[in-house]
Amino acid sequence: MFDLNIKIAEEFSVDESAVLFHGGCLDLLKDMPDKSMQLVVTSPPYNIGKEYEKKINIETYIKQQTEVIKDCVRVLSDTGSICWQVGNYVNNGSIIPLDTVLYPIFTDLNLILRNRIVWYFEHGLHCSRRFSGRYETISWFTKKTKEYVFNLDPVRVPQKYPAKKYFKGPKAGQYSCNPLGKNPGDIWDIPNVKNNHIEKTEHPCQFPVELIERFVLSMTNEGDWVFDPFLGTGTSIIAAIRHKRKGAGAETEKKYVDIAQDRIQKSINGILRTRPMNKPKYDPATSNNSLTISPCQNAEQGQLYHDPGVA
Ligand SMILES: C[S@@+](CC[C@H](N)C(=O)[O-])C[C@H]1O[C@@H](n2cnc3c(N)ncnc32)[C@H](O)[C@@H]1O
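Residues numbered from 1 in each chain as written. Predicted model: local features only at pLDDT ≥ 70, side-chain atom pairs only at ≥ 80, totals over all residues.

1. Re the overall build of the protein chain
Right, so step 1: Across its full length, the protein chain holds six helices and 13 strands.
Right, so step 2: For a compact globule of 311 residues, the expected C-alpha radius of gyration is about 19 Å, and the protein chain comes in at 22 Å, within 12% of that figure.
Right, so step 3: The principal-axis extent of the C-alpha atoms belonging to the protein chain is close to 70 × 60 × 40 Å.
Right, so step 4: Taking all 311 residues of the protein chain together, 30% fall into the buried category.
Right, so step 5: Considering only contacts within the protein chain whose residues lie at least 6 apart along the sequence, 65% involve residues at least 24 apart. (Helix = DSSP H or I, 4+ residues; strand = E, 2+ residues; numbered from the N terminus. Rg over C-alpha atoms; globule rule 2.2 N^0.38 Å. Buried ≥ 20, exposed ≤ 12 C-beta atoms within 10 Å, placed from the backbone. Contact = placed C-beta atoms within 7 Å.)

Here it is in structure tokens:
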């Protein structure tokens, strides 16, 4: 799984295996040949004023995104995929789901939407004037071809009832579900990288590695290139090289480039700690965590009362 011979290059060449470019993605894209990338997977800035972005009006944001997406489509192989992960742009309390705004850019470039994946997670900002946002989306586009790569078996997830058998008919007695597991569906319940996550760095919105592994395994084959134009902490390159693919990405902020360099090198050395794919989520209630009992709950009667010590 780990190839200790991989070196991390700073400039793109098809002969490299891992390319970490410090600079804007459009500059890295200039060096990439047409149709050379099998998978483009990314989470661009959402234009919500995070520490690495300056909030701009939505029209300018869409223009900038269009420029990058156009060049990503140029480098996309004919059987390749683009997965664009976004949340909401918020303006004066009004939310604009960015995937709906960006959708026409992709379709105008002759791509088709294969799935709109809902990434559900439990941790994030607590809102007081609307329900707290607990999902984002990943729009998966391909070219208009039946030949796009999609390998389901490596990303199947455990069945709920793997031992279930047909009880009548010609298949009676045989297992009724695929022994390799089931299709993961288009709602992905994968923990996001918040403070207690094993992969957390100082970046405010990292991808969990397991999220990108699912794309890499299903949409590429060994030796293919995976490209992330907004690389952040290097997650997409990590997911690529740990499955014998090649990874390239651009990041403008030096401090994130340094974090990415460190994580990618640790991954090459086989010592990067990540949350394994398909690991069941931690459930505090069934793990006998004492913090699951509310201070407002009368343990004997299971009734709620007001504890004056609790706000
Ligand atoms: C939402 S974050 C991506 C985080 C990433 N998915 C990870 O796992 O760490 C977007 C990143 O894009 C970077 N960025 C912003 N504009 C960029 C550009 N024009 N080219 C390359 N990176 C850019 C930001 O500094 C930020 O780290």
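Let us keep going from here.
2. Section: helix α2 (residues 58-75)
Right, so step 1: Taking 1.5 Å per residue as the helical rise, α2 with its 18 residues ought to reach 26 Å, and the 26 Å between its terminal C-alpha atoms agrees with that figure.
Right, so step 2: Buried residues of α2: Y61, V68, I69, C72, V73 and V75, and no others. Down the axis of α2, the buried set is contained in an arc of 145°. They therefore lie on one face. For α2, the exposed residues set more than 90 degrees away from the buried face come down to E59, T60 and K63.
Right, so step 3: As for α2, its buried residues are in contact with α1 (25-30), β3 (37-42), β4 (76-86), α3 (98-108), β7 (111-120) and β10 (225-228). (Expected span 1.5 Å × (residues − 1). Arc of directions from axis to C-beta.)

3. A look at the pairing of strand β11 (residues 246-251)
Right, so step 1: With six of six residues buried, β11 lies mostly within the body of the structure.
Right, so step 2: Neither face of β11 is left uncovered, since the one carrying K246, A248 and A250 and the one carrying G247, G249 and E251 both have all their residues buried.
Right, so step 3: With five bridges joining them, strand β2 (residues 18-22) and β11 adopt parallel strand pairing. In the sheet register, L20 faces β11, and the bridge partner there is G249.
Right, so step 4: When β10 meets β11, the two strands line up parallel, connected through four bridges. When the sheet's bridge partners are listed, V226 is paired in β11 with G247.
Right, so step 5: Running through helix α5 (residues 235-241), the crossover from β10 to the neighbouring parallel element β11 is right-handed. (Pairing = 2+ DSSP bridges. Right-handed = clockwise from strand over helix to strand, strands pointing away.)

4. Focus: the sheet that holds strand β1 (residues 8-9)
Right, so step 1: Strand order in the open sheet made by the nine strands is β1-β2-β11-β10-β3-β4-β8-β7-β9, with mixed pairing throughout. Because the sheet does not close on itself, it has two edges, and the strands there are β1 and β9 (187-189).
Right, so step 2: With two bridges joining them, β1 and β2 adopt parallel strand pairing. Along β2, the bridge assignment pairs I8 with A18.
Right, so step 3: Each of β3, β4, β7 and β10 is contacted by α2, which is oriented at about 150° to β4, the strand it contacts most.
Right, so step 4: Most of the contacts of helix α4 (residues 209-219) go to β3, to which it runs at about 160°, and overall it touches β3, β4, β7 and β10. (Axes fitted to C-alpha atoms, helices over the stretch in contact; angles between N-to-C directions.)

5. Quick word on the packing of α2 against α3
Right, so step 1: Axis separation between α2 and α3 bottoms out at 10 Å; the angle between their running directions is 35°. Crossing hand, α2 versus α3: right-handed. Residues I62, Q65, T66 and I69 of α2 form the contact with α3, whose own contacting residues are V101, L102, I105 and F106.
Right, so step 2: Of the residues that constitute the contact of α2 with α3, the class distribution is six nonpolar, two polar and no charged. (Left-handed = near helix turned anticlockwise from the far one by under 90°. Nonpolar A, V, L, I, M, F, W, Y, C, P; charged D, E, K, R; others polar.)

The analysis is restricted to geometry; functional conclusions fall outside its scope.
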